[in-house]
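Chain by chain, the residues:
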Amino acid sequence: KAFSKTNSITKITSGSVGNINLYAKWEVAVIPQIKEPDTYLDLSKYNVIPNDGKNDAEGIEIALRQASINAATGEVNTVYLPAGVYNITPQHAYENGDPGISVMSNTNLIMDNNAILLVEGTEFEDYCVISVQNKENVTIQGGQIWGERNSHTGSGGEGGHGIAVYGSTNVT
């Protein structure tokens, strides 16, 4: 393999398979640290406590619903997850028609770079951790999603999504 680095672009060229030449290229960059917003909803009011080992998905979603209500009146529409582990129990995509943590219109979900959404093992073949369905003006920034590949309890799978966006506009 031949490696070369030019202007923060790393190129790898690697021989061939049959008569197909394989090439890969990616940008090497440092992820900027997410700043804590000036104003945001207090997650402790929604029983969301990092590192406690309890499911935080429902509390985060309730906070996002409140943020959407607040947006209509010009109040705080940001939910911020500080550093820590947030346990997430994924819902089946068809359960209640509301999979994962649903992010509402006109809201910001901002996560510290060291905020981890830790997905608990599930038997569901089709789920998502964060869902943006038929919404507008949504920002999701920072954080990490750690999937459940090694703790999956079902015999099928391959349908788990970190962030699923459907029928939405102005989502960043």
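The structure displayed is predicted, hence computed values, not measured ones. (Residues numbered from 1 in each chain as written. Predicted model: local features only at pLDDT ≥ 70, side-chain atom pairs only at ≥ 80, totals over all residues. Heavy atoms only, no water.)

Engineer: Go over the overall build of the protein chain, please, and point to the residues and values.
Structural biologist: Counting its secondary structure elements, the protein chain contains one helix and 11 strands. Ordered by position from the N terminus, the helices and strands of the protein chain form the series β-β-β-α-β-β-β-β-β-β-β-β. For the protein chain, with 172 residues in total, the buried portion stands at 34%. As displayed, the protein chain offers around 10,400 Å² of accessible surface, 49% of which is attributable to carbon and sulfur atoms. (Helix = DSSP H or I, 4+ residues; strand = E, 2+ residues; numbered from the N terminus. Buried < 20%, exposed > 50% of the residue type's maximum accessible area, 1.4 Å probe, protein only. Areas by Shrake-Rupley, 256 points an atom, 1.4 Å probe, with all protein chains shown as cover.)

Engineer: Can you explain the confidence of the model for the protein chain? Please cite residues and give values.
Structural biologist: Overall, the predicted model of the protein chain reaches an average pLDDT of 79, with 65% of residues at or above 70. Here strand β1 (residues 2–6) stands out as the least confident element of the protein chain, with mean pLDDT 44; strand β4 (residues 78–81) is the most confident, with 97. Between residues 1–13, whose pLDDT stays under 50, and residues either more than four places distant or in other chains, the model counts 28 contacts. (pLDDT = per-residue confidence, 0-100. Contact = heavy atoms within 4.5 Å.)

Engineer: Could you give an account of a nonpolar patch on the surface, with specific residues and numbers?
Structural biologist: Taken together, the side chains of Ile145, Ile163 and Val165 present a nonpolar region at the surface, about 220 Å² in accessible area. Of note, Ile145 is situated in strand β9 (residues 136–146). Overall, the relative accessible area of 33% leaves Ile145 in the partly exposed class. (Patch = residues over 30% accessible without salt bridge, like charges linked within 9 Å, V, L, I, M, F, W, Y side chains within 5 Å. Salt bridge = Lys/Arg side-chain N within 4 Å of Asp/Glu carboxyl O.)

Engineer: Give a detailed account of the nonpolar core, specifying residues and quantitative values.
Structural biologist: Counting 26 residues, the largest nonpolar core has Ile60, Val79, Leu81, Val103, Leu109, Leu117 and Ile140 as the members making the most contacts within it. Elements with a minimum of two residues in this core: α1 (57–72), β4, β5 (84–88), β7 (107–119), β8 (126–133) and β9. What Ile60 contacts, discounting residues up to four positions off in sequence, is Val48, Leu81, Tyr86, Ile88, Ile101 and Leu117. (Core = buried A, V, L, I, M, F, W, Y, C linked by side-chain atoms within 4.5 Å.)

Engineer: Before we move on, can you summarise the pattern of salt bridges with the specific residues and values?
Structural biologist: Once the charged atoms of two side chains with opposite charge are near each other, the side chains can pair. For the coordinates displayed, the defined rule picks out one salt bridge. Measuring nitrogen to oxygen at the nearest pair gives 2.7 Å for the salt bridge that ties Arg65 to Glu61. Separated by four residues within a single helix, Arg65 and Glu61 lie in helix α1, roughly one turn from each other. Classification of Glu61 as buried rests on a relative accessible area of 8%.

Engineer: Got a sec to walk through the environment of Asn134? Specific residues and values, please.
Structural biologist: For Asn134, the position within the fold is in the loop between β8 and β9. The class for Asn134 is exposed, based on a relative accessible area of 60%. Once residues within four sequence positions are removed from consideration, Asn134 is found in contact with Tyr166, Gly167 and Ser168.

Engineer: Residues and numbers for the pairing of β9, please.
Structural biologist: Direction of pairing for β7 relative to β9: parallel, over a ladder of eight bridges. Its bridge partner being in β9, Thr107 is matched across the sheet by Val138. (Pairing = 2+ DSSP bridges.)

Engineer: Outline the environment of Cys128, supporting the account with residue identities and numerical values.
Structural biologist: Within the secondary structure, Cys128 sits in strand β8. Judged by relative accessible area, which is 4%, Cys128 ranks as buried. Separated by 34 residues in the primary sequence, Cys128 and Gly162 have C-alpha atoms spaced 5.5 Å apart.

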